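Structural features, examined
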Amino acid sequence: MGALEILWKIISWPPLWQLIVLGLIVPLLVVIYILWFERKTAARVQRRIGPLHVSPKIAGGLQLLADLIRYSFQEIIIPKTVDKAAFISAPLIALILSILPVVGVPFTDKPEWFPIPMDYSLLVVLALVTLSPIFLIVAGWASNNKFSIIGGMREAFMITAYELIIIVSVASAGVAVGSYNIVDIVHAQTGWKLLGLLNPIAFFTAFVGVLLATSGFPFEIPESEHEVVAGAFTEYSGLMYGINMGAAYLKRMVYSIVLSVAFLGGWLPYTPGEGFVSGYLIPSIVIMVKATILMMIFSFLRAVYGRYRLDQALDLAWKIMFPLAAIGFGLSLAEAYLGIF
Amino acid sequence: MSGFVRGSVGYNDLGLPGMWTRRIGKDVYEVFIGPQHPGSGHTRIIIWVDGDIIVDSEIDMGYVHRTMEKLSEGRQWIKAIPLFERMAIHDACNVTLPYVRAVEKLLDVEPPERASYLRVLLCEINRIAAFLYGFGIFGVFLGHSTMYMWPFGDREVWVELAEWLTGARLTHTYPVFGGVRRDVPAGFTDALRKAIRYMRRRLEDYRKIFVDNPVIRSRLEGVGVIPKKIAVELGITGPNLRASGVEYDVRMNHPYEVYDRLDFEIPVFEEGDAYARVLQRVEEIKQSLRILEQVADWLDKHEKTPIMAEKFWKTAPPLYKKVFQEQGRVKLPATFAIMKVPAGKAYERGETARGEISYYVESNGANKPYRVRIHSPSARNAIVFKYILPGHRVMDLPAIYGSIDYFPPEADR
Amino acid sequence: MNAQELVERIKAVLGDTVKKIEVHKGEDYIEVEVDKDSIIDAARKMKEFGFDHVHDLTVVDYMKEGYFRVIYNLGSYTVKELSYFIVGLAYNIPRDNPQTVSLTRVYTTAEFQEREAFEGFGVIFEGHPDLKPLLLAPPVAEQRPLRKDFIVKEEPEIKR
């Protein structure tokens, strides 16, 4: 066995592979595309051109890379009054935690390509996605700035509102199928028995819950610029601010992946075969395309809506969305009882 | 919560000169919004919040104060016009017209009829542009980026019309004592009619995406309610006053120029909340479009007659007369700069986009004003922030601020 | 209603507190001079009469004569026939002791305007709830920049 072969073994070892490709390269590409799409569609709706000058031939597609380079060369200012350890570590931990849930998502049904094979992957993913917002509050608290604290508190209010909605409505996918293993959930959806179609209530509440969770419009409340400047990130500058903003998009990407496996049939209609291309690459691309389309819908809402008031958003979440999510859960139970899957 | 320890200057608890302090309650959080805050403009709003509720508020204005009243005392009468325009550069004609009219009163000069129509023309163009500006700011305050971009783009139509008419996009200095500076260029009225048609179409688009948007409605309805009685007591003005049910518009109650010959209505809403103020502005744009149509008809029907009062005109050199007759453009004669105004007092009001502006002009017979007192609409509306904000939520602040259409440079003068 | 009729009615309303009444050019601005001591009383009567808000508070500095003239220009929102007119309720106070009473108890509108008169001219309005500068920074307001003896140095006077 030659050195090259050993190197290839290491690289193609699924956890490492997943870390590099799904953990670093794919999110970067997706976030770049989504940000470009968001700016371009908003510009089209608003009769502007949008980003153009960085790369006119591909309609400004490299604008975000240019922004990233600018962010990384900007001075990182750490104010004297902040709690330094928490101030620096909170956004980094939040970034890591927001991409971490992907370890639980199998992108194919061939176990050799799983990052971590397990039977309760949906629950693990849901548990992991709820970790990162806490560090947003920590960041706001550590900043020692009034706007940061207000922003952090708003985030806290929003967490209590959306977490239950997302967990109940996504878990209802598992209830309907009778298994919390994502592979089983996807397999149960073969033949266009998509959960998003069979249980639209749960899908809708999960969708709104993700909007609440990732502060997408009309729920862009914790970072609402005209009241709390940048919310918890007010004191951050340069790359630290970029990390914070990137974490929000990564979170949105992870949620979209979860929604597309739980409700949109994952890699279906493709059936994974043997080998790398058929067994891993194509199914994961199918999932990413579905997730990206979901993210594009999230992004487009920016051009249509303003933002709700905090109490109105919480009202909506607790009084309408949570009962709806419970109804969706009941619908799943009924479907499981009737044996549709 | 205790009030101010001491209101005046140079005294406080800490003994620091030039600072004042205020004791605040135990569970109250004091937040200074502005003047470098993205949602404040060039002003500072201080709010004291208990949880999410504003318990007390105050406005600290003056960050763009330019001492216009004092500066105007040091320069000739005509030079004050471009100075006063700086209060609200996108509403320049409306803001300076009452000053011009006050001085005309003292001089006993009446502008010719055509000049009056031209003044109304630019006033209404300015008014629409200023309303669109306000809508843009309001849109971005509510996080509605499309409503930010659309009115700002459509405002360009009116700004370019104004540029064609006067030669400047914003600070036109168009009305001068005795008339206006330029006649309408050829083909202007056709372009104006096209702009009116375009604007009517766009107002429908605004209605679809902003005014009838459920999110926007839920943010605005019942927020920042100013009942009729309170509106009168606080002396607020302009669309904000009319949205509270008071039927008062200077163009109707004290008609100036040719407004009494034009057919238009004063829309009034009874609710007095932020949403009524939005609807009020939409209706006012429609009325302005109606006025503009009539002005365009009048300009088409009538010959090009002088646009400057005879009194200034007869002393002008022959070259100036030639420029005027051939190009429809007034080169101001030198008499303007050294002009002395008879002693006396005059008070004149005008309706700008944000409300009523008033000028108290006093002359002692010199070539400079003795005293000019300006009270601008935003300065009169500023009191709202002190008396209406308490009791609302923190997130209502941008909704109320935007719906009042408060413009700090105008308020600070 | 024309200006002369309004003058008669104001005279009837205010009674003998009126010292002088003057109609200025344009026939829409009436200046009523009253005694300083009876200003609150006069303002109350004017408010009952229909002038419901302070349109504008003007102070004019007559340096040579040695007095300030405080003019409350009153307007009406609610009474349609009065809304054409502005009535200036004026009184004089000595320049070296500019003490007077606040009208905020009658007109809430006057609150910010009295603060403005305070910072520009140093007129002390007794009974004002929160008398402090409105627009100017406190050290600048100390110099009372709107008084005539404050010369703007950056703008040299151009002699012609």
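These numbers were taken from a predicted model, which means no experiment stands behind them.

About the criteria used
- Residues numbered from 1 in each chain as written.
- Chains lettered and ligands numbered in written order.
- Predicted model: local features only at pLDDT ≥ 70, side-chain atom pairs only at ≥ 80, totals over all residues.
- Axes fitted to C-alpha atoms, helices over the stretch in contact; angles between N-to-C directions.
- Helix = DSSP H or I, 4+ residues; strand = E, 2+ residues; numbered from the N terminus.
- Parallel < 35°, antiparallel > 145°, perpendicular 65-115°, else oblique.
- Left-handed = near helix turned anticlockwise from the far one by under 90°.
- Contact = placed C-beta atoms within 7 Å.
- Nonpolar A, V, L, I, M, F, W, Y, C, P; charged D, E, K, R; others polar.
- Buried ≥ 20, exposed ≤ 12 C-beta atoms within 10 Å, placed from the backbone.
- Pairing = 2+ DSSP bridges.

1. A short note on the packing of helix α4 (residues 84-99) of chain A against helix α6 (residues 133-143) of chain A
All names here are of chain A. Their axes nearest at 8 Å, the elements α4 and α6 cross at an angle of 165°. By the angle between their directions, the pair α4 and α6 is classed as roughly antiparallel. Judged by the twist between their axes, the crossing of α4 over α6 is left-handed. Contacts between α4 and α6 involve A86, F87, A90, P91, I93, A94 and L97 on the former and, on the latter, F135, L136, V138, A139, A142 and S143. The residue inventory of the contact of α4 with α6, partitioned by class, reads 12 nonpolar, 1 polar and no charged.

2. Focus on the environment of G61 of chain A
Residue and element names in this part refer to chain A. Along the chain, the position of G61 falls in the loop between α2 (14-45) and α3 (63-73). Between the alpha carbons of G61 and I32 there is a distance of 8.0 Å; along the sequence they are 29 residues apart. Setting aside chain neighbours within four positions, we find G61 in contact with W36 and S55.

3. Observations regarding helix α6 (residues 188-211) of chain B
Buried within α6 of chain B we find L192, A195, M199, Y206 and F210 of chain B. Buried residues along α6 of chain B sit in contact with α4 (113-141), α5 (145-166), α7 (214-220) and α11 (274-301) of chain B.

4. Some thoughts on the arrangement of the chains
Of all 2 pairs of chains that touch, the greatest number of contacts is found between chains B and C. At the C-alpha level, the nearest point of chain A lies 24 Å from chain C, with no contact between them.

5. So, the pairing of strand β8 (residues 371-375) of chain B
Residues and elements named next belong to chain B. Burial within β8 is extensive, with 5 of its 5 residues counted as buried. Both faces of β8 are covered, namely the face carrying R371, R373 and H375 and the face carrying V372 and I374. Note that strand β7 (residues 355-363) and β8 share 5 bridges and pair antiparallel. Following the sheet pairing, Y360 is matched in β8 by R373.

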